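Each chain, written out:
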Amino acid sequence: MEKIYWQSNIKNFGDELNNDFFERALEINLKEYKKNESILGIGSILNYNTSNHSKIHVLGTGSGYPEIKIKNLSDYNIWFLRGPLTASAIGVDKKLGICDPAIIVPQIYKSASIIENPVKKPIFIPHYFSALNANWKKVCMLADISYRSPMSGINEICEDIQRSNLVITESLHGAILADAYRIPWILVATPPVHRSPFKWKDWLSTIDFEYKPIQIPWLWTNPISTREKIINRIKQKIAKHNLGPNRWTNKQYIQHGESEIEKCAELLIKIKTKTTPKLSDSTRLQSLQSQINEKLTEFKRYVIQN
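Residues numbered from 1 in each chain as written. Predicted model: local features only at pLDDT ≥ 70, side-chain atom pairs only at ≥ 80, totals over all residues. Heavy atoms only, no water.

This paragraph deals with the packing of aromatic side chains. Here the distance between the centres and the angle between the planes together describe a pair of aromatic rings. The full count for this structure, using the stated rule, is 12 aromatic pairs. With a centroid separation of 5.8 Å and 35° between ring planes, the pair formed by Trp-6 and Tyr-128 is classed as tilted. You can see Trp-6 sitting in the loop between β1 (2-4) and α1 (13-16) and its partner Tyr-128 sitting in helix α5 (residues 128-133), a full 122 residues away along the chain. Among the residues examined, Tyr-128 registers a relative accessible area of 21% and is labelled partly exposed. When the centroid spacing of 5.3 Å and the interplanar angle of 80° are considered together, the rings of Trp-79 and Phe-299 count as edge-to-face. Placement of Trp-79 in strand β4 (residues 76-81) and of Phe-299 in helix α13 (residues 282-304) is noted, with a sequence separation of 220 residues between them. In terms of burial, Trp-79 and Phe-299 fall into one category: buried. Taken together through their ring pairs, the aromatic side chains of Trp-185, Trp-200, Trp-203, Phe-209 and Tyr-211 make up a single cluster. Geometry around Tyr-302 places Lys-34 over its ring, the cationic atom sitting 4.8 Å from the centre. The cationic tip of Lys-278 hangs over the ring face of Phe-209; the distance from NZ or CZ to the ring centre is 4.8 Å. (Phe/Tyr/Trp six-rings, centres within 6.5 Å; stacked < 30°, edge-to-face > 60°. Helix = DSSP H or I, 4+ residues; strand = E, 2+ residues; numbered from the N terminus. Buried < 20%, exposed > 50% of the residue type's maximum accessible area, 1.4 Å probe, protein only. Lys NZ or Arg CZ within 6 Å of the ring centre and 35° of its normal.)

Written out as structure tokens, the structure reads:
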């Protein structure tokens, strides 16, 4: 089987989970089975063009939009989806919207060593776009918070989450893994990320939470040339008059410095000390994990049959 998922030079851990997640969960080598069929994996990728694939198995995939049209839906075998909002988006039974598969990560990614005396302190995991463009590591150092890049390996992230006593996250899968490991978490969002909340609402609905992120400032510490500043400023003004792509509203034309970094650190300190974190109901989580395991067991039975 071939796996279909978001792949690029940016190794975002939520997408990189697809590398071996299903092999670990199913305990089989998928390449050895049904080579003319494919798996649509973890992520908001139901809008992918899969016309070159004859049979696609959907295992916890999500939509990034409230409405999408899949032209070759008859080629899809939907075992389960990331959430009920995704199910509604493609017009299938909401009962198929169980949860994101990553909630079973603690079952299949186990630390090689036991941490006897972990340093219990908060950790911050930004969205990969935020991480690429700002020195959040320095912000976290000033705020006495551990920093973990979303481009880190899945094992590193899992271990860091288990070491922490609080996860402040702009990354969807940062929250999902924190909840799965039973570590309280706080959702934050910069303006560019806040523009696309559908995937958050989809997952949060499965654990009975609403989407209410704490807004944090957009931080950009990377150098910007004078030419880029001028072009980006023009594009931003055009977008504000609905004359260009919506993404132009976030075009960057200011490079932030020490004062902005310090303000962000002060805000993170306030967030970690003043905000009540979230954690889903244990019984609810266990039910969702059981449902996903049942679906994966059924899928494995299908895969290995002659």
